[in-house]
Amino acid sequence: MSILDLLFPRRCPFCGKPVGKKLLCDSCREMLQRKEPGVITLQGMRCVSPLFYEGNERRAILRYKFNRKMGALDCFGRLMAQSAAQEFSGEFDTVTWVPVSQKRLRERGYDQARLLAQSMCRNWQTEPESLLCKTVDTPAQSGLKRVEERRANVLGVYEVVQPVYGKRILLVDDIVTTGATLHECVRVLNEAGAAEVLCLTLARRR
Ligand SMILES: [Zn+2]
């Protein structure tokens, strides 16, 4: 145990209980396993998520996404690695993420989906690849309710920045609601010749 562990004991990201060397507490782990969302097909894409976006899980994600609470990253990355291994084992060769725009990156200081992808990849001693960039700073999807509005909001705003021809890609994002953002990223990756794109998000809205 390091001095930092004594001063700042690791806490369960979902309920706040001290957890020692574990990434989350036993009761939250059991609760999450019981209601695990698993894989769905959304607008023709296969998408897996370890969490539903609700309750303590939602609060933990909001603390991470907007309040710079990075303590949960190891836990989130582990949960995502487990979901990917369960559902998509052997089906992808590389991992990438849904990027934020340069403007958003400057404001927030970090790209939340990139950090999630990196944390997940650490479980496999590898690194995600930067394959996409967001060329336009769009209003947040969360402010738009209808699927058509969400689709229109992200249409044409992502570009492929590295060759993806023939690649089988696992695309990571934080939350999936209607799938409009993922769908647009999958579309441009497929157009650039990707062999397959699978989706993984930390959480899915019910
Ligand atoms: Zn807990």
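First, a word on what this report is: a plain description of the structure on this page. The structure presented is a predicted model; accordingly, all values stated were derived computationally and were not measured.

## Here we look at the packing of helix 4 (residues 73–88) against helix 6 (residues 112–122)
For step 1, the next point in the chain: Where helix 4 contacts helix 6, the two axes come as close as 7 Å, and the packing angle between them is 70°. Classified by the angle between their axes, helix 4 and helix 6 sit roughly perpendicular to one another. Considering only the axes of helix 4 and helix 6, their crossing is right-handed. Counted together, Leu73, Asp74, Phe76, Gly77, Met80, Ala81 and Ala84 of helix 4 and Leu115, Leu116, Ser119, Met120 and Arg122 of helix 6 form the full contact between these two elements.
For step 2, the next point in the chain: When grouped by side-chain class, the residues that make up the contact of helix 4 with helix 6 number eight nonpolar, two polar and two charged.

## Points about the environment of phenylalanine 88
For step 1, the next point in the chain: By secondary structure assignment, the location of phenylalanine 88 is in helix 4.
For step 2, the next point in the chain: When neighbours within four sequence positions are excluded, phenylalanine 88 is seen to be in contact with Val48, Leu170 and Leu198.

## Things to note about the environment of glycine 166
For step 1, the next point in the chain: If you trace the backbone, glycine 166 turns up in the loop between strand 6 (158–160) and strand 7 (168–176).
For step 2, the next point in the chain: For glycine 166, a count of 10 C-beta atoms within 10 Å gives the class exposed.
For step 3, the next point in the chain: In the structure, glycine 166 is positioned 152 residues away from phenylalanine 14 in sequence and 39 Å away in space, judged by C-alpha atoms.
For step 4, the next point in the chain: Those residues within four positions of glycine 166 in sequence are excluded, and the remaining contacts are Gly193 and Ala195.

## Quick look at the pairing of strand 1 (residues 38–42)
For step 1, the next point in the chain: Note that strand 1 and strand 2 (residues 45–49) share five bridges and pair antiparallel. When the sheet's bridge partners are listed, glycine 38 is paired in strand 2 with serine 49.
For step 2, the next point in the chain: Turn length for the strand 1-strand 2 hairpin, with the two strands adjacent in sequence and antiparallel, is two residues, and the turn residue glutamine 43 shows positive phi of about 50°.

## Describing the environment of methionine 120
For step 1, the next point in the chain: Take methionine 120: it is sitting in helix 6.
For step 2, the next point in the chain: With residues near it in sequence (within four places) discarded, methionine 120 still touches Gly77, Met80, Ala81, Ala84 and Val172.

## Brief notes about the packing of helix 7 (residues 147–154) against helix 8 (residues 180–191)
For step 1, the next point in the chain: It is at 9 Å that the axes of helix 7 and helix 8 come closest, and there the two elements cross at 40°. It follows from the interaxial angle that helix 7 and helix 8 lie oblique. As for how helix 7 packs across helix 8, the hand of that crossing is right-handed. For the pair helix 7 and helix 8, contact is made by Val147, Arg150, Arg151 and Val154 and by Ala180, Thr181 and Glu184, respectively.
For step 2, the next point in the chain: Partitioned by chemical class, the residues of the contact of helix 7 with helix 8 number three nonpolar, one polar and three charged.

About the cut-offs
- Residues numbered from 1 in each chain as written.
- Predicted model: local features only at pLDDT ≥ 70, side-chain atom pairs only at ≥ 80, totals over all residues.
- Axes fitted to C-alpha atoms, helices over the stretch in contact; angles between N-to-C directions.
- Helix = DSSP H or I, 4+ residues; strand = E, 2+ residues; numbered from the N terminus.
- Parallel < 35°, antiparallel > 145°, perpendicular 65-115°, else oblique.
- Left-handed = near helix turned anticlockwise from the far one by under 90°.
- Contact = placed C-beta atoms within 7 Å.
- Nonpolar A, V, L, I, M, F, W, Y, C, P; charged D, E, K, R; others polar.
- Buried ≥ 20, exposed ≤ 12 C-beta atoms within 10 Å, placed from the backbone.
- Pairing = 2+ DSSP bridges.

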